[in-house]
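Structural description and commentary
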Amino acid sequence: MEKLSNISNIKSILSRHGFTFSKSLGQNFLINPSVCPRMAAECGVGEGVGVIEIGPGIGVLTCELARLSSKVVAVELDKRLLPVLEETLSEFNNVKIINDDALKVDFNELIRDEFGDMPVCVCANLPYYITSPVIMHLLESKLNIDSITVMVQKEAAQRICAKPATRQSSSITVAISYYASAQMLFTVSSGSFMPAPKVDSAVIKLTINKTPPVEVCDEALLFRVIQSAFAQRRKTLANSLSAGLQIDKSEISGILKKSGIPENYRAEQLALSDFAAICNALRGRA
Ligand code: SAM
């Protein structure tokens, strides 16, 4: 098969299939030949390892993953790409394409059915309009996997990889840190895609925590506390938590005191352990 990162090859394959790009599905295909081999090399695939890809497009990353791993299962929403993938992946017998919405897929069931006991990792160039929902869907599913390596917009990567309790941190930084440790691998310029998006991208790796770094009595409550605190991040915690959780401000002040956190702090000053302390104190309230 001709090189799938070569622009004229891509154009000829796509025109043969009468394919036009859908902006609303985040279809920016990689044309920089160095990116996919690097992602595949860093994501943890190898002999005896399976990999899940989300959004294979025309299969440029899928080919690299298929070469290095024992099995690739790729979930693609756009059914117009199925005949394209059939052609571009014809040399591999270890790739399965599932035509579905990644946000609706039960990945635990997929892993059980497709990989059995094989170790599995996730590697994908994500559609940017659903970056956070896809990552949270994968993490909340508590999959038996070691890591998730994904390309996302550079700004999103910086937010995800920020250290909690710094100005760059946000609700997604803290939420992800409950499930995984995030690492920035490398950046990718906008010119590496066809069509070129307006912003640069970056590849990040989330290494899944074997056990959560904090103990909480109620995970759903922890995430509500994080969301509420950051929803009005310029406000003090006493105000943002009172508004977000709909609890009287005087009661929130008592909860913060019990948790050892000054009530005039703002969300960006808190570590995951502080959010856990608030969550546990809230649970114990009369
Ligand atoms: N992997 C290819 C590459 O690197 O060139 C394509 C990446 S492109 C940024 C994102 C891909 O995700 C597209 O193929 C798009 O059709 C697909 N996609 C969009 N929304 C999806 C969803 N909800 N579930 C699964 N795939 C989706």
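Residues numbered from 1 in each chain as written. Predicted model: local features only at pLDDT ≥ 70, side-chain atom pairs only at ≥ 80, totals over all residues. Heavy atoms only, no water.

1. Description of the overall build of the protein
When you go through the protein residue by residue, the secondary structure sums to 12 helices and nine strands. Residues counted as buried form 52% of the 286 residues belonging to the protein. Restricting the contact set of the protein to residue pairs at least 6 apart, pairs at least 24 apart contribute 69%. Surface summary for the protein: the accessible area is close to 13,200 Å², and the carbon and sulfur share equals 48%. Side chains of the protein carry 30 positive and 29 negative charges; the gap between the two charge centres is 9 Å. (Helix = DSSP H or I, 4+ residues; strand = E, 2+ residues; numbered from the N terminus. Buried < 20%, exposed > 50% of the residue type's maximum accessible area, 1.4 Å probe, protein only. Contact = heavy atoms within 4.5 Å. Areas by Shrake-Rupley, 256 points an atom, 1.4 Å probe, with all protein chains shown as cover. Lys, Arg positive; Asp, Glu negative; His and termini not counted. Charge placed at Lys NZ, Arg CZ, Asp CG, Glu CD.)

2. Examining the nonpolar core
Core analysis: the biggest nonpolar cluster contains 67 residues, and Phe107, Ile135, Leu139, Ile148, Leu241, Phe275 and Ile278 have the highest contact counts within it. No fewer than three residues from each of domain 1 (7-208) and domain 2 (219-283) sit in this core. Discounting residues that sit within four places of it in the chain, leucine 139 has contacts with Ile148, Ile176, Tyr179, Ala180 and Ile208. One finds Phe29, Cys36, Ala40 and Phe186 within the second-largest nonpolar core, a separate group that totals 38 residues. (Core = buried A, V, L, I, M, F, W, Y, C linked by side-chain atoms within 4.5 Å. Domains from an automatic or database assignment.)

3. Some remarks on the domain arrangement of the protein
Domain boundaries in the protein define domain 1 (7-208) and domain 2 (219-283). Put simply, the middle of domain 1 and the middle of domain 2, counted by C-alpha atoms, are 34 Å apart. With 13 residues of domain 1 in contact, the opposing surface of domain 2 contributes 14 residues. For the domain 1 and domain 2 pair, buried surface summed over both sides reaches about 1,100 Å², with 60% attributable to carbon and sulfur atoms. Sorting the residues of domain 1 by area buried against domain 2 places Ser171, Val174 and Tyr178 first, and these three jointly supply 43% of that buried surface. (Buried area = accessible area lost by both parts, 1.4 Å probe.)

4. Observations regarding the state of the cysteines
A full pass over the atoms with the stated rule returns zero disulfides. Here cysteine 123 is not disulfide-linked; the sulfur of cysteine 43 is the nearest cysteine sulfur, at 4.0 Å. (Disulfide = S-S within 2.5 Å.)

5. Focus: the environment of glycine 57
Tracing the backbone shows glycine 57 in the loop between strand 2 (50-54) and helix 3 (60-68). The buried category is assigned to glycine 57, whose relative accessible area is 5%. Sequence spacing of glycine 57 and isoleucine 111 is 54 residues, and the spatial spacing of their C-alpha atoms is 21 Å. With residues near it in sequence (within four places) discarded, glycine 57 still touches Phe29, Glu76, Leu81 and Leu85.

6. A closer look at the packing of aromatic side chains
Summed over the entire model, instances satisfying the criterion amount to seven aromatic pairs. Ring centres 5.8 Å apart and planes at 85 degrees place the aromatic pair phenylalanine 19 and phenylalanine 21 in the edge-to-face group. According to the relative accessible area criterion, phenylalanine 21 is partly exposed, its value standing at 31%. Cluster of aromatic residues (ring-pair linked, three or more members): Phe19, Phe21 and Phe29. It is arginine 38 that lies over the ring of phenylalanine 186; its NZ or CZ is 3.9 Å from the centre. Here the guanidinium or amino end of lysine 71 rests over the ring plane of phenylalanine 115, the centre of that ring lying 5.9 Å away. (Phe/Tyr/Trp six-rings, centres within 6.5 Å; stacked < 30°, edge-to-face > 60°. Lys NZ or Arg CZ within 6 Å of the ring centre and 35° of its normal.)

7. Remarks on the sheet that holds strand 4 (residues 95-99)
Pairing between the strands of a sheet comes from backbone hydrogen bonds, and it takes one of two forms, parallel or antiparallel. Read across the open sheet, the seven strands follow the order 4-3-2-5-6-9-7; overall the sheet is mixed. Edge positions in the sheet fall to strand 4 and strand 7 (180-188), since each of these pairs with one other strand and no more. Strand-to-strand, the axes of this sheet are offset by a mean angle of 20 degrees, without reference to chain direction. Of the pairings in the sheet, the one linking strand 5 (residues 120-125) to strand 6 (residues 147-153) comprises four bridges and is parallel in character. Among the inter-strand pairings, cysteine 123 is bridged to a residue of strand 6, identified as threonine 149. Those strands touched by helix 2 (residues 35-42) are strand 5, strand 6, strand 7 and strand 9 (201-208), and its axis lies near 160 degrees from that of strand 7. Helix 6 (residues 131-140) rests against strand 2, strand 5, strand 6, strand 7 and strand 9 of the sheet, and its axis sits at about 170 degrees to strand 6. (Pairing = 2+ DSSP bridges. Axes fitted to C-alpha atoms, helices over the stretch in contact; angles between N-to-C directions.)

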